[in-house]
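One letter stands for each residue in the lines below.
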Protein chains: 4
Amino acid sequence: MRARDVGLSCGSLPVGEGNNIADVPGVTVGHATLIEGDIRTGVTAILPHDGDLFPGKVVAAAYVLNGFGKSTGLVQLNELGVLETPIMLTNTFSVGTCANALIRRAIVSNPEIGRETATVNPVVLECNDGYLNDIQAMAVTEAHADTAIEAALEDFAVGSVGAGTGMSCFGLKGGIGTASRLLCFDKQPYHLGVLVLANFGRAGDLRLPDGRRVDPKSSPASEAGSCIIVIGTDVPLDHRQLGRIARRAGVGLAWCGSFWGNGSGDIALAFSTAHRVPHNADRDLIDQRVLAETRIDRLFQAAAEATQEAVLDALTAAGTMVGRNGHRRTGLAELL
Amino acid sequence: MRARDVGLSCGSLPVGEGNNIADVPGVTVGHATLIEGDIRTGVTAILPHDGDLFPGKVVAAAYVLNGFGKSTGLVQLNELGVLETPIMLTNTFSVGTCANALIRRAIVSNPEIGRETATVNPVVLECNDGYLNDIQAMAVTEAHADTAIEAALEDFAVGSVGAGTGMSCFGLKGGIGTASRLLCFDKQPYHLGVLVLANFGRAGDLRLPDGRRVDPKSSPASEAGSCIIVIGTDVPLDHRQLGRIARRAGVGLAWCGSFWGNGSGDIALAFSTAHRVPHNADRDLIDQRVLAETRIDRLFQAAAEATQEAVLDALTAAGTMVGRNGHRRTGLAELL
Amino acid sequence: MRARDVGLSCGSLPVGEGNNIADVPGVTVGHATLIEGDIRTGVTAILPHDGDLFPGKVVAAAYVLNGFGKSTGLVQLNELGVLETPIMLTNTFSVGTCANALIRRAIVSNPEIGRETATVNPVVLECNDGYLNDIQAMAVTEAHADTAIEAALEDFAVGSVGAGTGMSCFGLKGGIGTASRLLCFDKQPYHLGVLVLANFGRAGDLRLPDGRRVDPKSSPASEAGSCIIVIGTDVPLDHRQLGRIARRAGVGLAWCGSFWGNGSGDIALAFSTAHRVPHNADRDLIDQRVLAETRIDRLFQAAAEATQEAVLDALTAAGTMVGRNGHRRTGLAELL
Amino acid sequence: MRARDVGLSCGSLPVGEGNNIADVPGVTVGHATLIEGDIRTGVTAILPHDGDLFPGKVVAAAYVLNGFGKSTGLVQLNELGVLETPIMLTNTFSVGTCANALIRRAIVSNPEIGRETATVNPVVLECNDGYLNDIQAMAVTEAHADTAIEAALEDFAVGSVGAGTGMSCFGLKGGIGTASRLLCFDKQPYHLGVLVLANFGRAGDLRLPDGRRVDPKSSPASEAGSCIIVIGTDVPLDHRQLGRIARRAGVGLAWCGSFWGNGSGDIALAFSTAHRVPHNADRDLIDQRVLAETRIDRLFQAAAEATQEAVLDALTAAGTMVGRNGHRRTGLAELL
């Protein structure tokens, strides 16, 4: 069940075919889900294209809305303006393990890494699922990370899957959500898609698009949340423009009722699939295409709308779950 | 007429006595308003305390939500973490003139400036009122800046006054608005107040707190807006904390329906009156007080709520105005 | 007299034809110099190309090494990644006046500014010449700013001219200096040029390229300096890359012996003339060229070397000057 | 053998008793060194005080000089302004493993982490030792990280130990180096100490304090270096001030001859031991002490001088080493 199935649509821009991040041609998403005993966690992988990202990097930018978070890889991503591994999402204490898996995979495909050429920059983003999950168990292994990457498809699940398995959002069950918007530049169709790992917001603060508030009552206040927002697009953009678009994810979170709380590591990462940036360029100067800046408002609006809807999508798709110590999060659909 | 007079209240925190930025003890606001021929512009001054700010600076931080703006003084303010002049608001093409006025005033009070001691850093923020105002006339003089500072009072006007005279907001008449929230730390009362110069938002995007949309219909889309948000508080905070609070002004703008458009120079500046930072310290090490970080959510919420309400306050207080070339902006109160 | 005339050359890269910023094709520089009574100040204008910059912007980035400075225009320059006026250098208290002049000139050429289109973002950078100059007199007028722009030539003076007239550097006479480096990409020649307004450094800290220290002895410690570094190039680069290059100006200052003192507003601005970014694009998507990132070290080295040499050039070209209150700064050439 | 033993002293400020980072009271350093087969790597731990850092955090700031690096933990460190684990240094591909070790140790001491309270933010910084070390082997284990922490002492080794085991610098053998400076504020003694993991610089670019260049000739150009600079002090400072001081590490690297090359992940982290910031404050408002800003130049100079000397210390202490594939790096002492 998706957000639009229960009447939760956001904004005014036209929606992509699948209303998901895979509407951006080439993007795929895979999950590894761990549910056993007190474990409610997992890994989600987003692949910008079906090739190897190390030799064929994509232009990217990250924006930290609120930095109470432990993501890795953002320093280099913002210095060089490119992404050179799949994007991994997981729980806070599994960042290191997923990073190790990304390094090992990159070495297998590119044995010159760390020898004849530079090292590789793994990008892993995270939220704290400790309310439902025994996060101290550090249950995610490198094999789970591999599984998520190898499972990547255009047609992927949302809700309590992958990294979203144990997440909470506005005192309800959170998880993975997605949405997309259709754009048009120079008479050609383009796409912007969003995937969120939604684990933020105080109980009672959720605001639906029609203005209704949703209060799960019994749920305790979330002390330490987070929201990771991944934005993909096939519009040609440079790093600076992607950074401006990533910032608008904050609008989408605000439209859901959040004020980006102190304990919430809210981080957005945007990438464009329009170019592949070679690891070893065969010329000094490279031709590329960018958007005329005065047209960027459509992308800002698309990013804000799709982020808002992706959060509602996560809430809608995630069913009620009982986890560690009998902790319980109710699914939004049950309350509506 | 204020926002609450027409039922537009925001959020859940208690409101300060005057529901304005002067609820923060010591803060005063003054205006100089220019209406003549095609001129619809002015100057607004915010004084953090009633003393000279050069010898008695206040801790401050600025945050650029969207940098399509021409404000001056923010580089030094963020490097040194202090404000050493009144804050001036005006139209885009009067920044230099207001800065000159601030410099001359500081020299009069502190004749050692630029001779025996460092220079002074004037802080002037701006929006483009060119739809209603003949901004090319550059009508503001240094005398107008002086007038605004000298007129500063705790009891000040809102709406189409001072820098707000010619502003537009969501295709309606914009201007100056304000709001405040009451806080409590260690059982003592504290205050956070916001003053906005509201000149942003596309016609039709305005969202009232109850979810209603307001569309002025006939008004053309605003190409180049902006919103300046000044946040004052008497809570003891350091520069980093004030920067985090300033960022939450973006939540307030989003709650009004904005996605921080490309052409909007949205900039927030936050200051704390809790300490006076001496220009010439008589000791090397200075004692000061800061907030325990885990208590900062109350200030985030207060900043977001008060920003949202201050924008609605500007819209409510500003009556319909006809300006340059017969351009017209309708007041929100007329539509409600 | 230039730095190389007294044996002060820096680094190993080949030097451009004139060893100045005008080696970058299209770049010109003009000065207005004010020497009268206690006045020792002026204005310097750098024009990236001979056309109107508002319709034909250039890609640019600014980097704040130490933000104890009052420059204006950097917020928008870094958000949008373009420069749309000439770059003006002047004393700290003349920033507003030069900004006003830039606005008026842009309106004359583009009467739609602030009416049918957005406003214009004037870029003015500054140092404090208050030791030799009566900076409180605020002697620079808009006419002086116009004069500097209209005087711009490829063949321009250095030393105690324009904005450099009253500047001090390492306790010696500072001013305007310049240098350039020749580059080669894809077998084509390219250029990187630097112009500095040198007004920084404590007496005794100056380090010549051969390791010698120069101590002017009698000069008092400079309390409040600054160095503005303008870097121009015809290499095709995007905003992010220009920001990385601008940062290397800090290396050049360090190589001169500076540690970027607290009171020094050290700011670098880099622009590329390779593209003209239209104010009104006639297509949504624009083709442009950028440098392959792995080739950027040559530009880093060129920026560092040319900045170091431009500072030494300012020191060499500036003769001994007596100014306000009989204050005196000795020229480096006199000491060598 | 230390830098001063071979005549390599830097700057003019007085040196601390041990001329190392442990001159800052409470700071200790430990190493785990791995030399076996093609493995030349390790882990270095810096402990700001002898207590548990999670309940007793220290104020800290990080500054990215050049972000071609894969360090983790800096996002949260800069948002909240505190450090809550030991600082770990290691090779690029062991960041995840060291982070996991820090998490497990924090959980053991604070079992409420990720359950009743927030998660913990591990801080791990890295350089690429792939020239001498088989970095693809990912030989560092969590046990090695534990060993380094448990080995921490005031009296610690420098050179080719711990994380420095396999590092290269200016085409020579790099490694761990340290230096300190003595300061005085309000007539009390204070300290600033630096520890570097030196792995940067092109062969031939090394500049000794007397101006001499050192060229190892036969060594190939370093493609992918990095330098991590850790600055500790007992001077009371806030996050903003520590960030300004961290930036001056770049001056020290420049004084060694570097221009912060594209492939070098140069990152500085500064902390102050003057306060312990409680995880759970028992009051809302906390008293603390900061430095009057006008006194900060002494710390800037100390940071620049001690960084330069710490790099020379690493070069001096590290003897010639042969590693992976017979790759060889000569020790500086051998050349002098």
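Residues numbered from 1 in each chain as written. Chains lettered and ligands numbered in written order. Predicted model: local features only at pLDDT ≥ 70, side-chain atom pairs only at ≥ 80, totals over all residues. Heavy atoms only, no water.

Novice: Explain a nonpolar patch on the surface to me, and be specific about the residues and the numbers.
Specialist: Residue and element names in this part refer to chain A. Taken together, the side chains of M1, V6 and L336 present a nonpolar region at the surface, about 270 Å² in accessible area. In this structure, M1 sits in the segment before β1 (28–36). On the accessibility criterion, M1 (57% relative accessible area) is exposed. (Patch = residues over 30% accessible without salt bridge, like charges linked within 9 Å, V, L, I, M, F, W, Y side chains within 5 Å. Areas by Shrake-Rupley, 256 points an atom, 1.4 Å probe, with all protein chains shown as cover. Salt bridge = Lys/Arg side-chain N within 4 Å of Asp/Glu carboxyl O. Helix = DSSP H or I, 4+ residues; strand = E, 2+ residues; numbered from the N terminus. Buried < 20%, exposed > 50% of the residue type's maximum accessible area, 1.4 Å probe, protein only.)

Novice: Before we move on, can you summarise the interface of chain A and chain D with the specific residues and values?
Specialist: Accessible area lost during the coming together of the parts is what is often quoted as the interface size. Contacts between the two partners involve 40 residues from chain A and, on the opposite side, 40 residues from chain D. Together, the buried faces of chain A and chain D total about 3,600 Å²; carbon and sulfur atoms form 55% of this surface. When residues of chain A are sorted by the area they lose upon contact with chain D, F93, R115 and Q136 of chain A head the list and together hold 18% of the total. Across the chain A-chain D interface, the total number found is two salt bridges. (Contact = heavy atoms within 4.5 Å. Buried area = accessible area lost by both parts, 1.4 Å probe.)

Novice: Any chance you could break down the interface of chain B and chain A for me, citing the residues and the numbers?
Specialist: Between chain B and chain A, the residue contacts involve 26 residues of the former and 26 residues of the latter. Buried area between chain B and chain A, summed over both chains or domains, comes out near 2,300 Å², and the portion from carbon and sulfur atoms is 47%. Taken together, chain B and chain A are joined by zero salt bridges. Applying the counting rule to chain B against chain A returns 19 residue pairs in polar contact (both at pLDDT 80 or more). Elements that contribute at least two residues to the side of chain B that touches chain A include exactly β3 (56–67), α4 (239–247), α5 (249–255) and α6 (297–317) of chain B. (Polar contact = N/O pair within 3.5 Å; in protein donor to acceptor, adjacent residues only side chain to side chain.)

Novice: Requested: an account of the pairing of strand β10 (residues 188–198) of chain D, with residues and values cited.
Specialist: Consecutive side chains of a regular strand alternate in pointing toward one face of the sheet and then the other. Residue and element names in this part refer to chain D. For β10, the tally of buried residues reaches nine of eleven residues, placing the bulk of the element in the interior. When strand β9 (residues 175–185) meets β10, the two strands line up antiparallel, connected through eleven bridges. Looking across to β10, one finds that F185 is bridged to Q188. Between β9 and β10, which pair antiparallel one after the other, the connecting turn spans two residues, and D186 there sits at a positive phi close to 45°. Sheet topology places β10 next to strand β13 (residues 226–233); seven bridges connect them, and they run antiparallel. Looking across to β13, one finds that G193 is bridged to G232. (Pairing = 2+ DSSP bridges.)

Novice: Give a detailed account of the sheet that holds strand β5 (residues 87–91) of chain A, specifying residues and quantitative values.
Specialist: Residue and element names in this part refer to chain A. Strand order in this open sheet of four strands is β1-β2-β5-β6, and the pairing throughout is mixed. Looking at the sheet topology across the chains shown, the edges are occupied by β1 and β6 (123–127). For this sheet, the mean inter-axis angle between neighbouring strands, taken without regard to orientation, is 15°. Across the sheet, helix α3 (residues 142–150) lies against β1, β2 (39–47) and β5, angled at about 140° from β1, the strand it touches most. (Axes fitted to C-alpha atoms, helices over the stretch in contact; angles between N-to-C directions.)

Novice: Please give an account of the packing of aromatic side chains that cites residues and values.
Specialist: Scanning all chains against the criterion turns up ten aromatic pairs over all chains. Taking the centre distance of 6.1 Å and the plane angle of 50° together, the rings of F185 of chain A and Y190 of chain A count as tilted. Take F185 of chain A and Y190 of chain A: they sit in the same class, and that class is buried. Relative to F200 of chain B, the ring of F170 of chain B has its centre 5.0 Å away and its plane inclined at 65°; by these criteria the two rings are edge-to-face. (Phe/Tyr/Trp six-rings, centres within 6.5 Å; stacked < 30°, edge-to-face > 60°.)

Novice: Talk me through the relation of the copies chain A and chain D; I want residue IDs and the actual numbers.
Specialist: Superposing chain A onto chain D takes a rotation of 180° combined with a translation of 0.0 Å along the rotation axis, leaving an RMSD of 0.0 Å. These values place the two chain copies in the arrangement generated by a two-fold rotation axis. Of the C-alpha atoms belonging to chain A, the one lying closest to the rotation axis is found on G96 of chain A, 1.8 Å away. Of all interface residues in chain A, 100% are interface residues in chain D too; the two copies therefore contact each other through one and the same surface. (Least-squares fit on C-alpha atoms with pLDDT ≥ 70 in both.)

Novice: I'd love a proper account of helix α2 (residues 95–109) of chain B, names of residues and values included.
Specialist: For α2 of chain B, with 15 residues, the first-to-last C-alpha span of 21 Å sits near the 21 Å given by 1.5 Å per residue. Counting buried residues along α2 of chain B, eleven of its 15 residues qualify, which places the element largely inside the surrounding structure. Of all the positions in α2 of chain B, only V95, G96, T97, C98, A99, N100, A101, L102, I103, A106 and I107 of chain B are classed as buried. The elements touched by buried residues of α2 of chain B are β2 (39–47), β5 (87–91), β6 (123–127) and α3 (142–150) of chain B together with α2 (95–109) of chain C. (Expected span 1.5 Å × (residues − 1).)

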